[in-house]
Amino acid sequence: MKVLFFDAPYFGKVELAKKTLEYILKKKYKIIALYASVQFCNQLDVVKKQLEAAGIAWVTSKADRTHVTSQVLGCDNYHSSLNLKAQADAYLYVGDGKFHPLALVYGQKDLSKDEVKEIICNDPIEKKFELLDILHIKTILKKYKGSLLKFLNATTVGVLITVKPGQEQMKPSFYLEKKFPNKKFYYFLDNVVSFDQLENFPFVKVWVNTTCPRVGFDDQLKFEKGVINLNDALEAEAILGKDSAMNGL
Amino acid sequence: MGYDLELSKVVQEITKSKGKLVCIQLPDGLKPQAMMIVDTIQAETGARVLIWLGSNFGACDIPLGVKNLGVDLMICWGHNPFHKKVGW
């Protein structure tokens, strides 16, 4: 079966709202890391020119799983996946909704307080300007930190694996057994995570998510026992020991 | 709506592939357009169109089992190809 993708690009004008530009200038930001969702990432020429005309440099990158430069996916919620080598004073997200720019916020949870940047959101449809920062995900990150602690202390752990080919990470999840030989891991298969089924397995003391990495964050509060993402499970002790934005909340 | 669904290109692709059974998958924001998309495809190509009801979080989220129904072509809007990597 052939699968075809159509980006559904936005056909209106993609530019920065006056307020967005005013804010960047007011903050005296000199270098901006520029990203957009797929509907907007191929139409950033006007935005780039606006920044350049205001004396603001822009940098960008091609994230690990994306198809084009400047595109950000919801799963780019770990800083390293962006592959951004250059330094920037802040992020600028061009697009609508919060799902994509929140990935940039989550990506800063393990950075030190000095490295944390704000995310300036510019919605070309509504001509709206909005700011997002680590405080927007404070409740989630606090529980996430608690889930990391739970994981380190737990002896029976449930591992969630999806059958969706694009998200499935079964083999990488088996590495948990090597890394934590004193814990017993039980593996659960599903398509979309069935949150209403979790309580039917009371022997699970904490969950490890290997499906979409946003499940570990956006759905954190749906997991009574707590959940952490696979890569964080593998580094749980080091993450909790860091002088990071999450640990400082 | 403001988004280009590129329907003439979609029709061309279906015609070229001689697809008779097509499944369309839309992100939540585009789901209200399903009726217009189905009607257009059916009128222009004669293919039968199935609408995926469930999630469409990204190109990582292609429905399973559709192939078993004899679907010739899966058409997904709002995403471009996803480059999966081992782990995150």
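Residues numbered from 1 in each chain as written. Chains lettered and ligands numbered in written order. Predicted model: local features only at pLDDT ≥ 70, side-chain atom pairs only at ≥ 80, totals over all residues. Heavy atoms only, no water.

(A) Layout of the overall build of chain A. When its secondary structure is counted, chain A shows eight helices and 10 strands. In terms of C-alpha radius of gyration, chain A reaches 20 Å, essentially the compact-globule figure of 18 Å for 249 residues. Each principal axis of the C-alpha distribution contributes one length, and for chain A these read about 60 × 50 × 30 Å. Burial analysis of chain A (249 residues in total) assigns 53% to the buried set. Once local pairs closer than 6 in sequence are excluded, the contacts in chain A between residues at least 24 apart make up 74%. For chain A, the accessible area works out to roughly 11500 Å², and carbon and sulfur atoms hold 54% of it. Looking at chain A, you have 35 positive and 29 negative side-chain charges, and the mean spots of the two groups are 2 Å apart. (Helix = DSSP H or I, 4+ residues; strand = E, 2+ residues; numbered from the N terminus. Rg over C-alpha atoms; globule rule 2.2 N^0.38 Å. Buried < 20%, exposed > 50% of the residue type's maximum accessible area, 1.4 Å probe, protein only. Contact = heavy atoms within 4.5 Å. Areas by Shrake-Rupley, 256 points an atom, 1.4 Å probe, with all protein chains shown as cover. Lys, Arg positive; Asp, Glu negative; His and termini not counted. Charge placed at Lys NZ, Arg CZ, Asp CG, Glu CD.)

(B) Focus on the pairing of strand β3 (residues 73–77) of chain B. Residues and elements named next belong to chain B. In terms of burial, β3 is a largely internal element, five of the five residues being buried. What you see with β3 is no split at all: L73, I75 and W77 on one side and M74 and C76 on the other are buried throughout. Note that strand β1 (residues 21–25) and β3 share four bridges and pair parallel. Bridge pairing links I24 to I75 in β3. (Pairing = 2+ DSSP bridges.)

(C) Examining the nonpolar core more closely. Residues A:F151, A:L176 and A:V208 are the most contacted members of the largest nonpolar core, which totals 44 residues. Ranked by residue count, the leading element in this core is helix α4 (residues 138–153) of chain A, at five residues. When residues of this core are assigned to domains, at least three fall in each of domain 1 (18–136) and domain 2 (138–247) of chain A. Among all residues touching A:L176, those that are not within four sequence positions of it are A:F151, A:V159, A:F185, A:V208, A:L230, A:A233 and A:L234. A:I56, A:V94, B:L26 and B:I75 belong to the second-largest nonpolar core, a separate cluster that totals 41 residues. (Core = buried A, V, L, I, M, F, W, Y, C linked by side-chain atoms within 4.5 Å. Domains from an automatic or database assignment.)

(D) Quick look at the sheet that holds β1(B). Pairing within the open sheet is parallel, and its four strands lie in the order β1(A)-β3(B)-β1(B)-β2(B). The open sheet has two free edges, formed respectively by β1 (2–6) of chain A together with β2 (48–51) of chain B, since each of these has just one partner strand. Pairwise comparison of adjacent strand axes, ignoring direction, gives a mean angle of 25 degrees for this sheet. Against the sheet, helix α1 (residues 7–17) of chain B makes contact with β1 of chain A together with β1 and β3 of chain B, and its axis sits at roughly 165 degrees relative to β3(B), the strand it touches most. (Axes fitted to C-alpha atoms, helices over the stretch in contact; angles between N-to-C directions.)

(E) Broad picture of the pattern of salt bridges. Residues and elements named next belong to chain A. Throughout the structure, instances matching the rule amount to 15 salt bridges over all chains. For R65, the salt bridge goes to D76, with nearest N and O atoms at 3.5 Å. On the criterion of sequence distance, the pair formed by R65 in the loop between β3 (57–59) and β4 (90–94) and D76 in the loop between β3 and β4 is long-range, its members being 11 residues apart. Each member of the pair, R65 as well as D76, carries the same accessibility label: buried. (Salt bridge = Lys/Arg side-chain N within 4 Å of Asp/Glu carboxyl O.)

(F) Structural detail: the layout of surface pockets. Residues and elements named next belong to chain A. Space inside the second largest pocket adds up to approximately 230 Å³. Surrounding the second largest pocket, 14 residues form its lining, H79, A86, Q87, Y91 and K117 being those nearest its centre. Residue composition of the lining of the second largest pocket, grouped by class: seven nonpolar, two polar and five charged. (1 Å grid on protein atoms, 1.4 Å probe; cavity = no way out; pocket = protein on both sides within 12 Å on 5 of 7 lines; lining within 4 Å. Points joined across faces, edges and corners; volume = space filled by probe spheres on them. Nonpolar A, V, L, I, M, F, W, Y, C, P; charged D, E, K, R; others polar.)

(G) The arrangement of the packing of aromatic side chains in detail. All names here are of chain A. Under the definition given, this model contains 16 aromatic pairs over all chains. The interplanar angle of 25 degrees and the centroid separation of 4.6 Å between the aromatic rings of Y144 and F217 together place this pair among those described as stacked. Taken as a pair, Y144 in helix α4 and F217 in helix α6 (residues 215–218) lie far apart in primary sequence, 73 residues in all. Accessibility classification places Y144 together with F217 in one group, the buried group. For the pair Y186 and F203, a centre-to-centre distance of 5.1 Å together with 70 degrees between the ring planes defines the contact as edge-to-face. With a gap of 17 residues between them, Y186 in strand β8 (residues 184–190) and F203 in the loop between β8 and β9 (206–209) connect regions that are remote in the sequence. The partly exposed category is assigned to Y186, whose relative accessible area is 32%. Joined through ring pairs, the aromatic side chains of Y186, F188, F201, F203 and W207 make up one cluster. Note that K184 overlies the ring of Y186, its terminal NZ or CZ placed 5.4 Å from the centroid. (Phe/Tyr/Trp six-rings, centres within 6.5 Å; stacked < 30°, edge-to-face > 60°. Lys NZ or Arg CZ within 6 Å of the ring centre and 35° of its normal.)

(H) Quick peek at the interface of chain A and chain B. Contact with chain A, which involves 43 residues of that partner, is made by 36 residues of chain B. The junction of chain A with chain B conceals about 3600 Å² of combined surface from both sides, 63% of it contributed by carbon and sulfur atoms. The largest share of the area that chain A buries against chain B comes from A:M1, A:F6 and A:R65, three residues that together contribute 23% of it. Along the contact surface separating chain A from chain B lie four salt bridges. If one sorts the elements of the side of chain A that touches chain B by residue count, β1(A) sits on top with five residues. Grouping the constituent residues of the side of chain A that touches chain B by class yields 22 nonpolar, 14 polar and seven charged. (Buried area = accessible area lost by both parts, 1.4 Å probe.)

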